[in-house]
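Structural description and commentary
Read off the chains here:
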Amino acid sequence: MGIAPEKNRWGRHFGAEEIAEARDSGRLLTMELETSYLCNLRCIYCYSLAGERRHNELTLDEIYDVIEQGIDLGLRRVILIGGGEPMMHPQIMDVVAFLGDKGLGIDLFTNGTLIDGDTARRLLDFGVEPVVKLNSLKADVQDFLVDTPGAYDLIRRGIDNLIEAGYPTADLDMGIETIICAQNYDEIPDLWRWARDRKIVPYVEMITFQGRARDRSDLNVPVDDLHRLFDRLAAIDSEEYGRTWQAHPPVAALSCSRHEYSCTITANGYVQPCTGIDIRVGSIRHTPLATILNESPVIQSLRHVRRNIKGACRSCEMLETCYGCRGMAYHLTGDYLAPDPLCWRNPEHIRIGRACPILVCDKSENP
């Protein structure tokens, strides 16, 4: 399923044959599920402009129903991504229990600020694999990136509570998610080692220029610097941890195959290919999930993305294990099948600097 030396965030627990079968039969293996846009932080790079609850968010019954529809399509794991902070949803543990009762694997992306000792133990009991959003081991940098004073201390306390509860275990991963930006660029190798030394999976990834990140050119990292960082992380893994992988965007050490077997359900019921490609291909309030997935030209073209991809990505020697970031292509070119515009393997990649604005395409036809 790729070159990743460990379980892959976008294909983990599944082998190449399972993924191919799901792709060719129109079935699902995973679903990214937003629960609410409510959030207690204001991350300056947030893809969804999270903060306040919106008037048309899914009810608990609607959340249960779309999960059931996913199960009918072969669903095996649900990734709770919130839209905002999933732990702020008043019934999040009911959702977790429901998923557990259905025998589904559960991934939880959280900022960690609301995870006390009891919550950490309950998550472990339910078999949840948590990923905590940690961008820096420096309080001032972390607090700046989430635009919330004191957030760093709360995040570290949440991580400590998860570790004290027993994470990670032989069967359950724990991870941290780190976005690469100018403010934390120099310390990422140390953050990588910090995670590896604790057997925590580091998800170090490039920013997709959507949401609040559209207007923050101060976050920019030049492509050549991104290339150097990925190569350095690969060297650290090879020399210090016995893990071997080839560097390519958008996530260090991992490969994305999600478009072959997954989709995103937004907190207001829309179906999208992923969080990065925020094209609404249908609403579960109006159309069954199976019909949306089977009849959407966008979803179907991405199911066979390696066959349909364009330009430098199509001719790249790594096509079997990488198709770049489709969200990056969509937001910077308007074409989700275009070659990744921030991949250093693409000879026509966009050259950005730390003071240069990112020119995001106008996609007003997709409100």
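Refer to the structure printed above.
An account of the accompanying structure is given in this report.

Scoring rules and cut-offs
- Residues numbered from 1 in each chain as written.
- Predicted model: local features only at pLDDT ≥ 70, side-chain atom pairs only at ≥ 80, totals over all residues.
- Heavy atoms only, no water.
- Helix = DSSP H or I, 4+ residues; strand = E, 2+ residues; numbered from the N terminus.
- Expected span 1.5 Å × (residues − 1).
- Buried < 20%, exposed > 50% of the residue type's maximum accessible area, 1.4 Å probe, protein only.
- Contact = heavy atoms within 4.5 Å.
- Pairing = 2+ DSSP bridges.
- Axes fitted to C-alpha atoms, helices over the stretch in contact; angles between N-to-C directions.
- Parallel < 35°, antiparallel > 145°, perpendicular 65-115°, else oblique.
- Left-handed = near helix turned anticlockwise from the far one by under 90°.
- Nonpolar A, V, L, I, M, F, W, Y, C, P; charged D, E, K, R; others polar.
- Salt bridge = Lys/Arg side-chain N within 4 Å of Asp/Glu carboxyl O.
- Polar contact = N/O pair within 3.5 Å; in protein donor to acceptor, adjacent residues only side chain to side chain.

Along an α-helix, residues three or four apart share an orientation, since each turn contains 3.6 residues. Between its first and last C-alpha, helix H8 (residues 223–240) extends 25 Å over 18 residues, near the 26 Å set by a 1.5 Å rise per residue. Within the sequence span of H8, burial applies to Val-223, Asp-225, Leu-226, Leu-229, Phe-230, Leu-233, Ala-234, Ile-236 and Asp-237. Gly-242 sits one or two positions beyond H8 and adopts a positive phi of about 65°.

This brings us to helix H7 (residues 188–197). Among the 10 residues in H7, seven count as buried, and that is most of the element. Buried positions along H7 lie against helix H6 (151–165), strand E5 (175–180), strand E6 (201–206) and H8.

Along the polypeptide, His-259 turns up in the loop between H8 and strand E7 (264–265). Ignoring sequence-local partners within four residues, the contact set of His-259 consists of Pro-273, Cys-274, Ile-277, Leu-302, Arg-303, Tyr-323 and Arg-326.

Another point: the sheet that holds E7. Taken in spatial order, the nine strands line up as E6-E5-E4-E3-E2-E1-E7-E8-E9 in an open sheet, and their pairing is mixed. Where the open sheet ends on each side, the last strands, each with one partner, are E6 and strand E9 (282–283). As paired elements, strand E1 (residues 30–36) and strand E2 (residues 77–83) share six bridges and run parallel to each other. Pairing of Met-31 across the sheet is with Val-78, part of E2. The sheet strands contacting helix H3 (residues 92–101) are E1, E2, strand E3 (105–110) and strand E4 (128–133), and the helix crosses E2 at an angle near 165°.

Right, let's talk about the packing of helix H4 (residues 117–125) against H6 for a bit. In the contact formed by H4 and H6, the axes pass within 8 Å of each other and the chain directions differ by 50°. As the angle between them shows, H4 and H6 are arranged oblique. Here H4 runs over H6; the crossing is right-handed. In contact with Gly-117, Ala-120, Arg-121, Leu-123 and Leu-124 of H4, H6 contributes Asn-161, Leu-162 and Ala-165. Classifying every residue of the contact of H4 with H6 by side-chain character gives five nonpolar, two polar and one charged.

This part covers the pattern of salt bridges. What the rule picks out here adds up to 18 salt bridges. Residue Asp-190 pairs with Arg-193 through a salt bridge whose shortest N-O separation is 3.6 Å. With Asp-190 and Arg-193 both in helix H7, this residue pair falls three residues apart, about one helical turn. With relative accessibility at 23%, the residue Arg-193 sits in the partly exposed group. With a shortest N-O distance of 3.0 Å, Arg-193 and Glu-240 are connected by a salt bridge. Of the two residues, Arg-193 sits in helix H7 while Glu-240 sits in helix H8, which places them 47 residues apart along the sequence. Note on Glu-240: relative accessible area 41%, which makes it partly exposed. Sharing partners across several salt bridges, the network here consists of Arg-23, Asp-24, Glu-260 and Arg-306.

All right, on to the environment of Thr-30 then. Counting through the fold element by element, Thr-30 comes out in strand E1. According to the relative accessible area criterion, Thr-30 is buried, its value standing at 8%. Considering only alpha carbons, one finds Thr-30 and Arg-77, 47 residues apart in sequence, at a separation of 4.8 Å. If we skip the residues at most four places from it in the chain, Thr-30 touches Phe-14, Leu-75, Arg-77, Ile-79, Tyr-261, Ser-262 and Cys-263. A polar atom in the side chain of Thr-30 sits 2.8 Å from the side chain of Ser-262.

For the peptide bond that leads from Tyr-167 to Pro-168, omega is -15°, which places it in the cis range. Topologically, Pro-168 is positioned in the loop between H6 and E5. The backbone of Lys-199 sits at a positive phi, close to 60°, despite the residue not being glycine. Turning to its location among the elements, Lys-199 is positioned in the loop between H7 and E6. Even without a glycine there, the phi angle at Ala-253 is positive, about 75°.

Function cannot be read off these values alone, since they describe shape.
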